[in-house]
Structures are given as structure tokens and as C-alpha cells.
Amino acid sequence: MLKTLRKIASVGLISEPAPAPDELLRVRRAADATIAAVLGRALCIRHVDAGSCNGCELEIQALGNPYYNLEGHNIRFVASPRHADLLLVTGPVVRNMETALRRTYAATPDPKRVVAVGDCGCAGGILGECPASLGRVANVIPVDVEVPGCPPSPARILQGILTAIQG
Amino acid sequence: MPLRRWWDRAQPVTGAPHVRGLGVGAEEWLQVARDVAAAGGVLHALWASCAATGERCAHERAVYGAYQTDGGVLVVELTPPDEAPWIYPGIEDIFPAAARMQRSAHDLSGARSSDPDVRPWLNHDRPYEFVRVDGEGVHEIAVGPVHAGTIEPGHFRFSVVGEKVLKLEERLGYTHKGLEQRFTALPILQGHRLAARVSGDSAVAYSWAYCQALEGMSGRTIPPRAAWLRAVCLELERLANHLGDLGALGNDAGFAFGLTQFSRLKEDLLRATAAAFGRRYLFDIVVPGGLASDLSAEAARALADVVRAVCAETVELRDIYDEHEGVRDRFTGTGRLEPERAARLGVVGLVGRASGQARDVRVDLPDAPYTEVPVTMVVQHGGDVASRVAMRFGEAHESGRLLTSLLSGLPHGAHAAEVGVPADGAFGVGLIEGWRGPVLVALQAGPSGSIRRCHPHDPSWQNWPALEHAIMGNIVPDFPLINKSFNLSYSGVDL
Ligand code: SF4
């Protein structure tokens, strides 16, 4: 116990400030430009892997580490799309995940936002379009913000999330 | 030594050291499998020769098996008789892990094994029939494909009585994206980029295995500096993944402090990696002929400093985990995979070593630089979550030691060499011990720099079925912890 407390004290607070939103990441302006007003300052996110290589997941997980401190920004991941305000979607959308993604989108209450993460989610990426894969997320559900990168850094993903809830 | 005769007949295969290949007929195909099993060998991979999803193969039908025995890796090629339809003898009774590989090979190429379980695996067009458990008070819990956390999609079907799990049946294939077919659309000198993305958390292992096969086919030996730098990347990848898992395992045992600390250390390591190689995750760093960029002496020193600091803190945290009664209680005895069962199931890699299966490609069949910087293999015998945690602590420590040696002893010279296009039909095999276990890439060249066939093989193929055994008799709420202690790849096996 003493060692645990000593560790906590010696590391101290290391959280970094959040990046500013970046309008260049926005690909669509939703008709109901009210989400920030509706949500106030708390945001719930549901992540969906629609066929990624799992690289993007590693950087999304990193958002929880003390440097990015996602929860400190009042953002958290939730277990059900029914509790979510925003979907974070990775990977090209493969055929075997198409139905699950559409259902998850339908189960998320309005107003909602979708952020596509990674080159695959934004443009199909190297995993691409083929008989088994439908390519970019926007081919399947409406996407508000796209964060390119393979994988994009956690700071970039956070920027994408913050951009999405601005509009 | 019945195995001896197969080795004597086999021809050398280029790529990883000690790989030999052999063409066989149906009877011999079975006999090789039996002889390998009798000699205590393991199945590394089984695949078929055509990649066209949903299409039937028009030419050169063949099924391949790759085994590791004490002498090296034996790749067996079974070619069918001319008349169709062709059913080849399945080896799932000898190597249980072959079952899903054979079902996938059928989905991808149409080659059907004799296994009576003909349910499709990667092809999800039809509803799936789960095996039902009947009995008083037995009910089913269905989970997935979309899970509660930030993880990959898959479906788990539990048959339970109260909280206790009688049976788990996995249903994977959700992230199937036609990778093998995608390979055939890329120039062979570009395929390493896709290989790195078969399972992104093992990018270095896959791209190295791919390049190892390719370089062998082109008759190229990479400069010593390139081999050492690749090992630096591979050990960084191992260390980063182990740190991430150690944090997540603490968290799943109700000790959030562990997640906070280990995720911080992992971030420190990723930032140091980015400072050294320009990328947090080393996706396009291992390229045909060597490394995409060199490492300056200062960068190597700075990286070594961070590695040392991270490993020193990991030792402190190990003490804290060991002394925490709540954590110890959750880890010990949970999700046990007995060594005998692990041997029977042919479990490989970290999960295998946690159950006494002392195999590590870096030790058994070392290639440069592991011939000069030898690895001390970590082995545990308990087979429970605690053993898999201890494996990660042990291997993180060993990777730290290797990184220190590698970074301080980097040979001078070029960090890459030119690699030419291999001849049409050339075949090579790469085999690299990634953080999860042995990653195998079987590569065949097509005409004018194209890829005829590439099969990337993840160790998760062999280990997913073992998870179904490890959960038996445990309670449902312990599944996330047990699953995390395996931490297998979905993308890597969904292809
Ligand atoms: S963008 Fe890159 S890291 Fe993300 S899923 Fe695609 S290949 Fe993997």
C-alpha cells in the first residue's frame, strides 16, 4: 500500500491540455447543429471496430492514459450504443460487420455524431475495397469528422472528437 | 526416427533458417502429421493455395501445412489428383487447431477437408449453428460481435449454469477483409506494408516475416546493422504490448492503479519510439532489404535511457502487483490451461510458454541478430492468469535487457540493401517470434514482381481454441480477465 501511494505521489499530475478543434477534419455539417448545447460538457462514446487491423484501437485505448486523460475532459467510453452520443468507428467496413455497424448506428439516440478514425475508416486505406470489404465508413453510415493516419495519434483522435461536438 | 525420412526427402526453402519443403500425396500428408505429432512437434499453419474469396480456384490447387519440430520447420505441400471434386484428409484429430484453419481454407479456396464439421468459418452468409448444451438449468449467454470495450469484434456463446461456464464457443471471422486476395493486387516489393497491417499490434513481426521470406527468395542477405535494428523494433513492440497488457490485466482485476501506471509507461515508450524512428507504432519501418531509416548514435542512447527507466519502474510495479492480495487472489488459479492440455492443443507463443510449452523461435531457430545476442526463454508452468502475467513481467524484463545490448552494440554499416524482384514461382517462408508468438508468412512470387500467393499466419489460430478450455468451470465475470490474459488477435485470424 505504501509503495502504491509513494508511486502516485512521485508521478504527480502529468495530464496535458486538450488540442483545439480542427475544422479541416470535418467532412459534413449536421443539420441539427446543437449537439454541444444538448450534451453540455459530458460526452459518451461508443467505439465500433468495423474491420480494422487493431492498430487504431491501440491509439484509442491510449486516450485513457494519464497524459491524454480523456475522462478529465468529461469524455468517456460507454458499453452500449444506447448510452452513446458519438460513435468512433475504425477500419474499413467489412461485409461481416456491415449489419452490426448499421444496427449500432440505429441504436444510438439522436442527436448523434460519427467520427471515422484512421486511413481505413476515412478512405478505405490499404485494406481497401474488395469483395469482402465496403471501404470507408461513409459508404455505410453518415460521417461527420474523419481523422486520417495509420494509425492517427491519440492527440489527433481527441482533436477529431472535439471537432465533432462543436457542430 | 520416422520423421527422419521426411527431412531427408525435403528440399531447402528460402527465408527463415532451417525451413525445408516437401511435396506429398494424401496418405503421406496424414503420415507426416502423425510423425510430427509423435515427435512432439507443433503445427504452425495450414492454408490452401488460392485466395479468391467466394471463387473457386482455377489452377494449381494445393494445401500446405507448416510444422515445427526440433530440426526446424517442415512445409508440406499436398497436391490433389486431377479429378474434381477433391476432398483431402483433415488432420484435426492429430492437431486440433487445424480444424478452423481447414474450414477457413475451404471458405477461401474451395479445398474441402474430410472433417465432418463443414460449417463455414470466415464466410458469414448463412446463420451459424452453435453446439448446444442441454441439461437442467443450463442457459446460453450470447456476447458480441460488438463488445463493451475498445477491442475487436467477435462473438462468444457461453453455456452456463448459474455463474459457472460449462462451455464457451467462439465465433470469429467478423473482421474478414479478404487480406490474402488483397496481397495479390500489390507488387511484391510493397507487400510488407499490408503484412504490417494483418494484426497492427504485431506490425514489426509481420513485416519482418514477410521481408525475411522475400529476401530469401531474392537471394539477399541483409546488412548486419539492419538485422540488429529490426530486433530493436521487434523488442520495442514486445515491450509496448506487454506493458499495455499488464495495465489492462490489473484493471480487470479491479486495480485501476495498474492501468494508470502501465499505460503511462507504455506512452513513455511510444514517445521514445517516435523520437527514434519517427513513428509511435512501427508500421512501415521494416522494409525489404533492411530498415526504412537509420538510427543515430544519440537517438539510440536516448531510446536506451527510456527503456531502462521504463523497465526499472516495471520492476517496482511487479512488487506492487505481487503484494496486492486482491490482485493475487484474482490472478491465481483463474483460467487454468494445464501443460498437458496445452501440449495436446498445440498452443504456441506466450500463452504456450505460460503452460510449460518451452518454444520460442528466437531461441529454437535463431536468425541474426539473435544468434549473437541470445535470448533467455521465459517459461511458467502454472497455466493460469497469474502465470500469463508472470510471463509478461519476465519477457518485458528480458526485452529490456536485449534492447540495452542491441542498442549499445549496433554494428556499423548500411541499414538497408537493394532487393530485386524474385523469379516467377519462387517460394519463401518467414518465421518471427512476435510478442504473441510465432508469426509465419508464406510467400510465392508471380510474374514480373507480382504476388501469386501470400498467407500470413497469426499464432492466435492455435491459441483461440485453448481459450475455450481455459474458461471452463470458471465464472462468467472472470471471462474478461482470462480473455485479456490470452489477448489474442481477431484481425490476424479473420484475414
Ligand atoms: S488506419 Fe492503419 S492502423 Fe488503422 S485500421 Fe487501418 S491499417 Fe490499421
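Residues numbered from 1 in each chain as written. Chains lettered and ligands numbered in written order. Predicted model: local features only at pLDDT ≥ 70, side-chain atom pairs only at ≥ 80, totals over all residues. Heavy atoms only, no water.

### Section: helix α14 (residues 385–408) of chain B
Taking 1.5 Å per residue, 24 residues should reach 34 Å; α14(B) reaches 35 Å between its end C-alpha atoms and fits that length. The element α14(B) is extensively covered by neighbouring structure, given that 18 of its 24 residues are classed as buried. (Helix = DSSP H or I, 4+ residues; strand = E, 2+ residues; numbered from the N terminus. Expected span 1.5 Å × (residues − 1). Buried < 20%, exposed > 50% of the residue type's maximum accessible area, 1.4 Å probe, protein only.)

### Focus on the site of the ligand
Neighbouring the ligand are the residues Ser52(A), Cys53(A), Gly55(A), Cys56(A), Gly118(A), Asp119(A), Cys120(A), Gly149(A), Cys150(A), Pro151(A) and Arg197(B). The environment around the ligand is built from residues contributed by chains A and B. At the level of elements, α3 (55–62) and α5 (118–123) of chain A are the ones that each hand at least two residues to the shell around the ligand. In terms of residue count, the dominant contributor to the shell around the ligand is α5(A) (three residues). (Near = heavy atom within 4 Å.)

### Some details on the interface of chain B and chain A
Between chain B and chain A, the contact holds 49 residues from the first and 47 residues from the second. Regarding the contact of chain B and chain A, the summed buried area is about 3700 Å², with carbon and sulfur atoms giving 58% of it. Scanning the region where chain B abuts chain A turns up six salt bridges. Between Lys7(A) and Glu316(B) there is a salt bridge; the shortest N-O distance is 2.9 Å. Viewed at the interface, chain A and chain B are joined by 22 residue pairs in polar contact (both at pLDDT 80 or more). Ranked by the residues each element gives to the side of chain B that touches chain A, the list is headed by helix α8 (residues 256–277) of chain B, at nine residues. When the residues that make up the side of chain B that touches chain A are grouped by side-chain class, the tally is 16 nonpolar, 16 polar and 17 charged. (Contact = heavy atoms within 4.5 Å. Buried area = accessible area lost by both parts, 1.4 Å probe. Salt bridge = Lys/Arg side-chain N within 4 Å of Asp/Glu carboxyl O. Polar contact = N/O pair within 3.5 Å; in protein donor to acceptor, adjacent residues only side chain to side chain. Nonpolar A, V, L, I, M, F, W, Y, C, P; charged D, E, K, R; others polar.)

### Observations regarding the side chain of Asp458(B)
Residues and elements named next belong to chain B. With respect to the helices and strands, the residue Asp458 is situated in the loop between β16 (451–457) and α15 (460–470). Among buried Asp, Glu, Lys and Arg side chains, Asp458 stands out as unpaired, with Arg436 the closest opposite charge at 4.3 Å. A polar contact is formed between the side chain of Asp458 and the side chain of Ser460, at a distance of 2.5 Å. In contact with Asp458, not counting residues within four places along its chain, are Ser199, Tyr206, Arg436, Pro438, Ser489, Gly492 and Val493. (Lys, Arg positive; Asp, Glu negative; His and termini not counted.)

### A few points about the packing of aromatic side chains
Residues and elements named next belong to chain B. Per the counting criterion, the structure on display carries 16 aromatic pairs over all chains. When the centroid spacing of 6.2 Å and the interplanar angle of 40° are considered together, the rings of Phe156 and Trp464 count as tilted. Placement of Phe156 in strand β10 (residues 155–161) and of Trp464 in helix α15 is noted, with a sequence separation of 308 residues between them. Side by side, Phe156 and Trp464 carry an identical accessibility label, which is buried. (Phe/Tyr/Trp six-rings, centres within 6.5 Å; stacked < 30°, edge-to-face > 60°.)

### A word on the domain arrangement of chain B
All names here are of chain B. Its domain assignment divides chain B into domain 1 (2–113) and domain 2 (185–484). Averaged C-alpha coordinates put domain 1 and domain 2 at centres separated by 26 Å. Across the interface of domain 1 and domain 2, roughly 2500 Å² is buried in total on both sides, 63% from carbon and sulfur atoms. Summed over the three residues of domain 1 that lose the most area to domain 2, namely His44, Trp47 and Arg100, the buried surface amounts to 22% of that side. (Domains from an automatic or database assignment.)

### With respect to the nonpolar core
With 149 residues, the main nonpolar core has Ile91(B), Tyr210(B) and Phe277(B) as its most contacted residues. Looking at this core element by element, the count peaks at 12 residues for helix α7 (residues 224–252) of chain B. Of the domains in this structure, domain 1 (2–113) and domain 2 (185–484) of chain B are the two that each give at least three residues to this core. The contact partners of Tyr210(B), leaving out residues within four places of it in the chain, are Phe183(B), Ile188(B), Gly191(B), His192(B), Ala195(B), Val441(B), Leu443(B), Ile451(B) and Cys454(B). Of all hydrophobic cores here, the second largest spans 22 residues; its members include Leu43(A), Ile45(A), Tyr68(A) and Val117(A). (Core = buried A, V, L, I, M, F, W, Y, C linked by side-chain atoms within 4.5 Å.)

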